[in-house]
Amino acid sequence: MKNINKIIIVATAALLCACSGEKFRIVGNITDAKDSVLYLENVGLDGIAVIDSAKLDETGGFEFSDAAPEAPEFYRLRIDNQIINVSIDSTETVTVKASLPTMSSGYTIDGSENCEKIRELTLKQQKLVRDLLALQENVTMGTQLTRDSMLRVIDEYKEDVKRNYIYKAPMRAYAYFALFQTIGNQLIFDPSGNREDNKAYAAVATSWDTYYPNALRGKNLHNIALEGMKNVRMLEQKGGMQVDPSIINTTNIINIELLDNKGNMRRLTDLAGKVVLLDFHVFATQDSPQRIMLWRDLYNKYHDQGFEIFQVSLDNDEHFWKQQTAALPWISVRSADGMDSDLLIMYNVQRIPTFFLVDRTNTLHKRDTQIEDLDAEIKSLL
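Here goes a summary of the coordinates provided. (Residues numbered from 1 in each chain as written. Predicted model: local features only at pLDDT ≥ 70, side-chain atom pairs only at ≥ 80, totals over all residues. Heavy atoms only, no water.)

## Some words on the environment of S53
With respect to the secondary-structure elements, S53 resides in strand β3 (residues 47-55). Looking at S53, the relative accessible area reads 38%, which means it is partly exposed. A sequence separation of 13 residues divides S53 from L40, and the C-alpha atoms of the two residues are 6.0 Å apart. (Helix = DSSP H or I, 4+ residues; strand = E, 2+ residues; numbered from the N terminus. Buried < 20%, exposed > 50% of the residue type's maximum accessible area, 1.4 Å probe, protein only.)

## Topic: the pairing of β3
Alignment of strand β2 (residues 37-44) against β3, held across eight bridges, turns out to be antiparallel. When the sheet's bridge partners are listed, V37 is paired in β3 with K55. (Pairing = 2+ DSSP bridges.)

## Section: the environment of A202
As for its position among the elements, A202 is in helix α5 (residues 195-211). You can call A202 buried: its relative accessible area is 0%. Once you skip the residues sitting within four places of it in the chain, A202 turns out to touch A225, M229, I254 and M346. (Contact = heavy atoms within 4.5 Å.)

## Observations concerning the environment of E257
Residue placement: E257 occurs in strand β11 (residues 257-259). Residues E257 and D270, spaced 13 residues apart in sequence, show a C-alpha to C-alpha distance of 9.8 Å. Of note is the side chain of E257, whose polar atom sits 3.1 Å from the side chain of R267. (Polar contact = N/O pair within 3.5 Å; in protein donor to acceptor, adjacent residues only side chain to side chain.)

## A look at the nonpolar core
Membership of the largest hydrophobic core comes to 64 residues, with the highest contact counts inside it found for I256, L278, F280, F310 and Y347. Looking at this core, the element that brings in the most residues is helix α4 (residues 173-179), giving seven residues. I256 has contacts with R266, R267, L268, L278, F280, F310, V312, L343 and Y347, leaving out every residue within four places of it along the chain. Formed by 23 residues, the second largest nonpolar core is a distinct cluster that contains I79, I84, I88 and V94. (Core = buried A, V, L, I, M, F, W, Y, C linked by side-chain atoms within 4.5 Å.)

## Some points on the packing of helix α2 (residues 113-136) against helix α3 (residues 143-166)
Relative to each other, α2 and α3 sit at 170°, their axes nearing to 9 Å. The pairing of α2 with α3 is recorded here as roughly antiparallel in orientation. Contacts between α2 and α3 pair K117, E120, L121, K124, Q125, L128, D131, L132, L135 and Q136 from the former with T146, S149, M150, V153, I154, Y157, D160, V161 and Y165 from the latter. Residues that form the contact of α2 with α3 fall into these classes: 10 nonpolar, four polar and five charged. (Axes fitted to C-alpha atoms, helices over the stretch in contact; angles between N-to-C directions. Parallel < 35°, antiparallel > 145°, perpendicular 65-115°, else oblique. Nonpolar A, V, L, I, M, F, W, Y, C, P; charged D, E, K, R; others polar.)

Structure below.
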């Protein structure tokens, strides 16, 4: 696991909105905190910055407001070392109620699903730390048993968070927040040393690439995922696994490298300079012929202008797939893992078929659910 400071602090400023006067509000009460100073702080990519502060009276009432961000942004309420984390993604009003002695663990929050999920994650992380300390302090357990037990508890925590928070909604602020939870100064999810953890980063990065294409946090996360892939591959190579050094690159997209229907290795990153329709497809479905006809029309219409299709088959039957793609003019590759393919996780594919558009810089532009007129969208990129 990496020190969180080495992962997060890579940008020069937090992403705040230039919207015309639109603001968010955080209001509430912190009881048993008379004369304490409550700070509103932005947890930015380059560190923590104070936005506002208020000296609390006997009622503990407070109200903060600031410019609404264009993409999810993270803040915290703090009195001394008692902290409540919140996320803001528009002009919402978030209401927080707490008591100072238990402010960081006993608070309630309304007005934001993201903030409520962050509260859940915070409580889970606090319990994780307590469980690990209990194991560490159990003198009846030997060193190896203690270590194994602690690793098992951490793995169970990670599986829970990945399943119920990260992969469930990778475009949400709470999924991003989950990636950067820590034990002490160590990240729970390690993108640089753990392949499974890196998949979680890639899934969130892909979603932010498409839902918040101009967000500094998304670009930062994208770079973390790509660098993590490179580091994991290098570690595996040192451990004896044979890895082609040519696939270790930093690019603008989560790369896909698979054999096509003629046995040639095809890489999505090789298509930089073209507008690409990246299609996840199963030919052994009832609607496949109609989809292929639509792709043929688009391909015939725009291929000469720099349009390409990179179609990833998830069919289990390789022979059937080769038969179905023999006459197709575009790039047809197949993931042998089918519906268990890691690519579905990294690209947050919730249903099949699903497609994405990739622009000429080899950067994800939009996914199918964000596109109303595919023909017009392709023309705008060409």
